Amino acid sequence: MTDLERLRHSCAHVLASAILRIWPQAQFAAGPPVETGFYYDLELDHRISLDDFERIEAEMKKIVKENQPFEKIDVSREEAFAMAQEGRLAALGRREQPSKFKLDILEHIPEGEAISLYRNGDFTDLCAGPHVMRTGNIGAFKLTSLASAYYRGDANNPQLQRVYGTAFKTRAELDAYFAQLEEAKKRDHRKLGRELDLFQIDEQVGQGLILWKPKGAVIRQQLQNFIGEELRKQGYSEVFTPHIAKLDLFRTSGHYPYYRESQFPPLIEPEALSRLAGEGCSCAQLANQLTNGELDGYLLKPMNCPMHIKIYASELRSYRNLPVRLSEFGTVYRWEQSGELGGMTRVRGFTQDDGHLFCTEEQLAEELRQCLELGLNVLRALGLNEFRARIGLRDPDSSKYVGTPAQWDKAEAALKQIAVQSNISFAEEEGEAAFYGPKIDFIVKDVIGREWQLGTIQVDYNLPERFDLTYIDSDNSSKRPVMIHRAPFGSLERFCGVLIEHFAGAFPLWLAPEQVRILPISDKHVAYGGQILSLLKAANIRASLDESSDKIGAKIRLAQLQKVPYMLVLGAREEQAGEVAVRSRLRGDEGAASAPHFLERIQQEIKNRKLD
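Let me begin by describing the structure that accompanies this report. (Residues numbered from 1 in each chain as written. Predicted model: local features only at pLDDT ≥ 70, side-chain atom pairs only at ≥ 80, totals over all residues. Heavy atoms only, no water.)

## Re the packing of helix α7 (residues 214–233) against helix α16 (residues 492–502)
- Contact geometry of α7 with α16 gives a least axis separation of 11 Å together with a crossing angle of 110°. By the angle class used here, α7 and α16 are roughly perpendicular. Here the hand of the crossing between α7 and α16 comes out right-handed. Taken together, the residues of α16 that come into contact with α7 (itself represented by I219, R220, L223 and Q224) are L492, E493, F495, C496 and L499.
- For the contact of α7 with α16, a count of residues per class yields six nonpolar, one polar and two charged. (Axes fitted to C-alpha atoms, helices over the stretch in contact; angles between N-to-C directions. Helix = DSSP H or I, 4+ residues; strand = E, 2+ residues; numbered from the N terminus. Parallel < 35°, antiparallel > 145°, perpendicular 65-115°, else oblique. Left-handed = near helix turned anticlockwise from the far one by under 90°. Contact = heavy atoms within 4.5 Å. Nonpolar A, V, L, I, M, F, W, Y, C, P; charged D, E, K, R; others polar.)

Structure representation (structure tokens):
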């Protein structure tokens, strides 16, 4: 636990202490630190509202001012259960009602594991810690929001109130955090997506399913064109695969049942479903038959890789043919809980710039180097220069991973080696690997300091084994290829959502849905504006002509609000001289230029993918 997490965890205990001073009957469940602060789940007849925050914070300030020490108390299992039965855990003393959630938490602590409590003032809670020394060490804090949450995340359990807050060492850090939140609200891609007409989510279509509108589609297509150029340079072959496949394909790959919780339910042929219904087959029996393979069906694909594997396996391969590099902008489908969905950044249907490479072990290092360089080029081209790499390794104690330890050792060593050779900053994290292999994820920091997981590279010895993939080696023996999964953007939906917020909707010229807007000062200059428009469109510039009767100031303001990179103001002087008055979104009035000179300038800017 970091120092900041320790402070926030301590602040969660202060929150619980304060709530109990106001509502002594409150029953508390868990109160951990989280990425942006802390929360505590509680059961209480009184429905806490934002109006209660001032009163709760006032009590919290009193507790901080009292400078209560945090005291760790080691207890036996029997002592802990006795205190919970007396209602003394997550409480200010003995109560008539047992501490029911703490009793349940104790039941889940394995026999023989140490149990500890923490006490500050009159408040005692079941807790492994650690905490700051005293409540007075808690710096600046603020309650932020409310939510509902099922106990242990299970809808069969009671629904609790969740109170969120955050804390920092100093008031300056707290103020900076809330300033960042305000900036994030302005940049929220859901808000900008509506204002700039980029995408929509329609309830009748479904939550987490993105409708790309024409302007948003331009951004997506430009990104696809950009990476398509890079892939052609590296010798990729583009393929197309269906959105649905037989369930048995995903049984072989292991995606079913390994990712069953994150998949849409299988689709069953109508005749088979009618037969099973007539036989009185229950839902549980149906699920068992699907899992054990007695019944086949179809699945909306959660991954593209099994289909790319089948393309590789469709013909005899020689070592002379390797590496085989396949790419696809393939749409996949994952069942995300409705509470986890968020605009474009967490969706149920998304398109990956997916690539799968099949190579020999001798080729692996060079192919990984090229994949890593491709990912870095993508980030640099878009000004996402602050990032770190996370190498996701298997957790040796987990049973979710397939394959032999020897295969995993080779795959992990290959990724670590290429990360070191590429001189990128990285950290290793156990338990972050895919079930079939380790991976490098790019964790990117945007312009206001938030981190996003975007591109990924994965080494896989296991799926070639599961699908019995082979190639004929130089000695005429049959060998197993190594597989690389890679997606520099990751999800185009998430990547575009991040870009919208990173650029605050003001995209660089090469990505902007509308690159140039022509603004005639009056109706008399519309015809000349049409000539300029034809010139730009003939050169594939995304341009429009504002033919409205609005005054020129209003036209400029509208273009600025819609974040158009360049405006060309046309009046009598410009028409007579055959020029345009150039206005930049960033720099304002840039003076007059001939239309061909302006065109040549922006064509160069687009070609170089300038960011400002």
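What follows continues from the structure just given.
## What to know about the sheet that holds strand β26 (residues 579–584)
- Pairing is mixed in the open sheet, where five strands are placed in the order β24-β23-β25-β26-β27. One side of each edge strand has no neighbouring strand; the edge strands of this open sheet are β24 (543–545) and β27 (588–594). Put simply, the sheet's adjacent strands are angled 25° from each other on average, direction ignored.
- For strand β23 (residues 516–520) and β24, the ladder comprises three bridges, and the chain directions are parallel. From the neighbouring strand, V516 faces β24, where its bridge partner is A543.
- Along the sheet, helix α17 (residues 526–538) makes contact with β23, β24, β25 (566–570) and β26, crossing β24 at roughly 170°. (Pairing = 2+ DSSP bridges.)

## Quick word on the side chain of T135
- For T135, the location among the structural elements is in the loop between β6 (123–126) and β7 (140–150).
- Accessibility expressed as a relative area gives 0% for T135, which makes it buried.
- From its side chain, T135 meets the backbone nitrogen of N67 in a polar contact 3.4 Å long. (Buried < 20%, exposed > 50% of the residue type's maximum accessible area, 1.4 Å probe, protein only. Polar contact = N/O pair within 3.5 Å; in protein donor to acceptor, adjacent residues only side chain to side chain.)

## Remarks on the pattern of salt bridges
- Throughout the structure, instances matching the rule amount to 48 salt bridges.
- For E86, the salt bridge identified is with R88, shortest N-O distance 2.8 Å.
- The exposure class assigned to E86 is partly exposed, which follows from its relative accessible area of 24%.
- Between E361 and K410 there is a salt bridge; the shortest N-O distance is 2.8 Å. Here the residue E361 occupies a position in the loop between β15 (349–359) and α13 (364–381), and K410 occupies one in helix α14 (residues 405–421), the gap between them amounting to 49 residues.
- Looking at K410, the relative accessible area reads 39%, which means it is partly exposed.
- In this structure, a network of salt bridges that share partners links the residues R21, E59, K62 and E66. (Salt bridge = Lys/Arg side-chain N within 4 Å of Asp/Glu carboxyl O.)

## Comments concerning a nonpolar patch on the surface
- Residues I244, L267 and Y298 make up a contiguous nonpolar surface patch of roughly 240 Å² in combined accessible area.
- Take L267: it is sitting in the loop between α9 (255–258) and α10 (270–278). (Patch = residues over 30% accessible without salt bridge, like charges linked within 9 Å, V, L, I, M, F, W, Y side chains within 5 Å. Areas by Shrake-Rupley, 256 points an atom, 1.4 Å probe, with all protein chains shown as cover.)

## Let's talk about the sheet that holds β6
- With antiparallel pairing, three strands are arranged side by side in an open sheet as β4-β5-β6. The two strands at the open ends of the sheet, each matched to only one other strand, are β4 (71–75) and β6. With direction set aside, neighbouring strand axes in the sheet form an average angle of 25°.

## Observations regarding the packing of aromatic side chains
- Enumeration over the complete set of coordinates arrives at 13 aromatic pairs.
- Ring centres 6.1 Å apart and planes at 80° place the aromatic pair F387 and F442 in the edge-to-face group. With F387 in strand β16 (residues 387–393) and F442 in strand β18 (residues 439–445), this pair connects stretches of sequence that are 55 residues apart.
- With relative accessibility at 25%, the residue F387 sits in the partly exposed group.
- Between F489 and F495 the ring centres are 4.6 Å apart and the planes differ by 50°, which places this aromatic pair in the tilted class. Summarising the burial analysis for this pair, F489 and F495 share the class buried.
- Here R8 stacks its cationic end above the ring of F168, 4.7 Å away from the centre of that ring.
- Above the face of the W510 ring, R609 is positioned so that its terminal group lies 5.1 Å from the ring centre. (Phe/Tyr/Trp six-rings, centres within 6.5 Å; stacked < 30°, edge-to-face > 60°. Lys NZ or Arg CZ within 6 Å of the ring centre and 35° of its normal.)

## A few points about the pairing of β16
- The buried fraction of β16 is high, at five of seven residues.
- Both β16 and β18 contribute to a ladder of six bridges, which runs antiparallel. From the neighbouring strand, F387 faces β18, where its bridge partner is V444.
- Taken together, the five bridges between β16 and strand β17 (residues 426–430) define a ladder with parallel strand orientation. Paired with L393 across the strands is E430, a residue of β17.
- Handedness of the crossover joining β16 and β17 through α14: right-handed. (Right-handed = clockwise from strand over helix to strand, strands pointing away.)

## Considering the nonpolar core
- With 59 residues, the main nonpolar core has L223 and L382 as its most contacted residues.
- Sort the elements by how many residues they give to this core and α13 lands first, with nine residues.
- With sequence-adjacent residues up to four places away left out, L223 is seen in contact with L382, F489, L492, F495, C496, L499, W510 and L511.
- The next biggest cluster of nonpolar side chains, apart from the first, holds 34 residues, and it includes L15, A18, I48 and V64. (Core = buried A, V, L, I, M, F, W, Y, C linked by side-chain atoms within 4.5 Å.)

## Notes on unusual backbone geometry
- With an omega of 0°, the peptide bond running from G129 to P130 counts as cis.
- Note that P130 resides in the loop between β6 and β7.
- Residue P323 is reached from L322 by a cis peptide bond, and omega for that bond is 0°.
- Considering the arrangement of structural elements, one finds P323 in the loop between α12 (305–312) and β14 (324–333).
- Located in the positive-phi region is R152, a residue other than glycine, with phi close to 60°.
- The residue R152 is located in the loop between β7 and β8 (159–168) in this model.

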